[in-house]
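Observations on the three-dimensional arrangement
Listed below, chain by chain, are the residues.
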Amino acid sequence: MQLIPATEQAQLQQIEALYERAFPEYERKPFTLIREKQATGNVDILYIEEDKTFYGLAITMKDKDLILLDYFAIAEEKHGMGCGSAALRQLFEHYAEKRFFLEIETTKEKADNMIQRQKRKQFYLKNKMTELGIDVTVFGTNMELLGHNMSLTPEEYVGVYQNTYGQALAKNVQISTFLI
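Everything in this summary refers to the structure shown in the same document. (Residues numbered from 1 in each chain as written. Predicted model: local features only at pLDDT ≥ 70, side-chain atom pairs only at ≥ 80, totals over all residues. Heavy atoms only, no water.)

Moving on, we get to the packing of helix 3 (residues 83-94) against helix 4 (residues 114-126). Where helix 3 meets helix 4, the axes come as close as 10 Å, and the angle between the chain directions of the two elements is 50°. Our classification of the angle between helix 3 and helix 4 gives oblique. As helix 3 runs across helix 4, the sense of the crossing is right-handed. Along its contact with helix 3, which presents Gly 84, Ser 85 and Leu 88, the element helix 4 presents Phe 123, Tyr 124 and Lys 126. (Axes fitted to C-alpha atoms, helices over the stretch in contact; angles between N-to-C directions. Helix = DSSP H or I, 4+ residues; strand = E, 2+ residues; numbered from the N terminus. Parallel < 35°, antiparallel > 145°, perpendicular 65-115°, else oblique. Left-handed = near helix turned anticlockwise from the far one by under 90°. Contact = heavy atoms within 4.5 Å.)

The subject of this paragraph is the layout of surface pockets. Approximately 1200 Å³ is the volume found for the largest pocket. Phe 23, Phe 72, Ala 73, Arg 120 and Tyr 124 are, among the 43 residues lining the largest pocket, the residues nearest its centre. Mapped onto the lining of the largest pocket, the elements with two or more residues apiece are helix 1 (9-22), strand 4 (66-74), helix 3, strand 5 (99-105), helix 4 and strand 7 (141-148). By residue class, the composition of the lining of the largest pocket is 23 nonpolar, eight polar and 12 charged. (1 Å grid on protein atoms, 1.4 Å probe; cavity = no way out; pocket = protein on both sides within 12 Å on 5 of 7 lines; lining within 4 Å. Points joined across faces, edges and corners; volume = space filled by probe spheres on them. Nonpolar A, V, L, I, M, F, W, Y, C, P; charged D, E, K, R; others polar.)

Next up on the list: the nonpolar core. In this structure, Ile 34, Ile 45, Ile 59, Phe 101, Leu 152 and Tyr 157 are the most contacted members of the largest nonpolar core, which totals 34 residues. The element that contributes the greatest number of residues to this core is helix 5 (residues 154-165), accounting for five residues. With residues near it in sequence (within four places) discarded, Ile 59 still touches Tyr 19, Phe 31, Ile 34, Val 43, Asp 44, Ile 45, Leu 68, Leu 69, Asp 70 and Tyr 71. The next biggest cluster of nonpolar side chains, apart from the first, holds 21 residues, and it includes Leu 3, Phe 72, Phe 100 and Met 129. (Core = buried A, V, L, I, M, F, W, Y, C linked by side-chain atoms within 4.5 Å. Buried < 20%, exposed > 50% of the residue type's maximum accessible area, 1.4 Å probe, protein only.)

Once that is clear, we can look at the side chain of Thr 164. Residue placement: Thr 164 occurs in helix 5. Take Thr 164: its relative accessible area is 2%, and that puts it in the buried class. Aside from chain neighbours lying at most four places away, what touches Thr 164 is Lys 37, Asn 42, Val 43, Met 61 and Lys 62.

With that settled, consider the packing of aromatic side chains. Taken as a whole and judged by the stated rule, the model has 10 aromatic pairs. An aromatic cluster of three or more residues is present, and its members are Tyr 19, Phe 23, Phe 31 and Tyr 71. (Phe/Tyr/Trp six-rings, centres within 6.5 Å; stacked < 30°, edge-to-face > 60°.)

The subject of this paragraph is helix 2 (residues 31-40). Each turn of an α-helix holds 3.6 residues, which means side chains three or four residues apart point in the same direction. Burial in helix 2 covers these residues: Phe 31, Ile 34, Lys 37 and Gln 38. Each buried residue of helix 2 lies within a common arc of 120° when the element is viewed along its axis, so the set occupies one face. The exposed set on the far side of helix 2, more than 90 degrees from its buried face, consists of Thr 32, Ala 39 and Thr 40. Looking at the buried side of helix 2, the elements it contacts are helix 1, strand 2 (43-50), strand 3 (53-63), strand 4 and helix 5. Where helix 2 terminates, the next one or two residues include Gly 41, which has phi positive at roughly 90°. (Arc of directions from axis to C-beta.)

Any functional reading would require information beyond the geometric quantities listed.
Rendered as structure tokens:
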């Protein structure tokens with residue numbers, strides 16, 4: 001499995017199509033905005049492939065020594081084959097010198113997709129991520145933060161949004177709980 005910076009139009013089209021299928025509209029940033037931030041170096045758009053076959057996408061926000069895995073999806077036909085775990089290991093290796101974390105929809109409140117949320121959390125915990133004790137609300141969606149061998153302060157978390165997308169967008173990010 002390989003992570004390839006997506007620069008070719010065909011790669012970006014596959015990524016955008018999966019992005020639109022995998023994430024609800026209320027969770028998606030405009031793909032044009034993500035591309036703009038890729039051009040400035042604040043965002044990585046990674047094409048996940050094996051044997052020249054598209055397996056998925058990873059979109060990260062970068063700020064100093066912090067990497068926020070903003071979007072991660074495996075193509076539907078590759079689900080259940082260990083591809084997500086393999087891709088996540090590649091991401092850990094790719095960003096080995098950085099503090100790597102992500103947001104997941106909260107599992108602490110009732111939701112129509114609770115089973116999916118719990119499975120997602122178990123996937124990340126099984127793959128060596130841990131709860132950071134920080135709950136946030138991002139654009140109206142309650143989230144939990146998970147990290148890989150790291151710690152994080154609420155201020156650092158908000159700083160990733162501020163330094164990547166600016167103060168106006170960062171106003172949509174609030175810390176709801178911070179447990180020490």
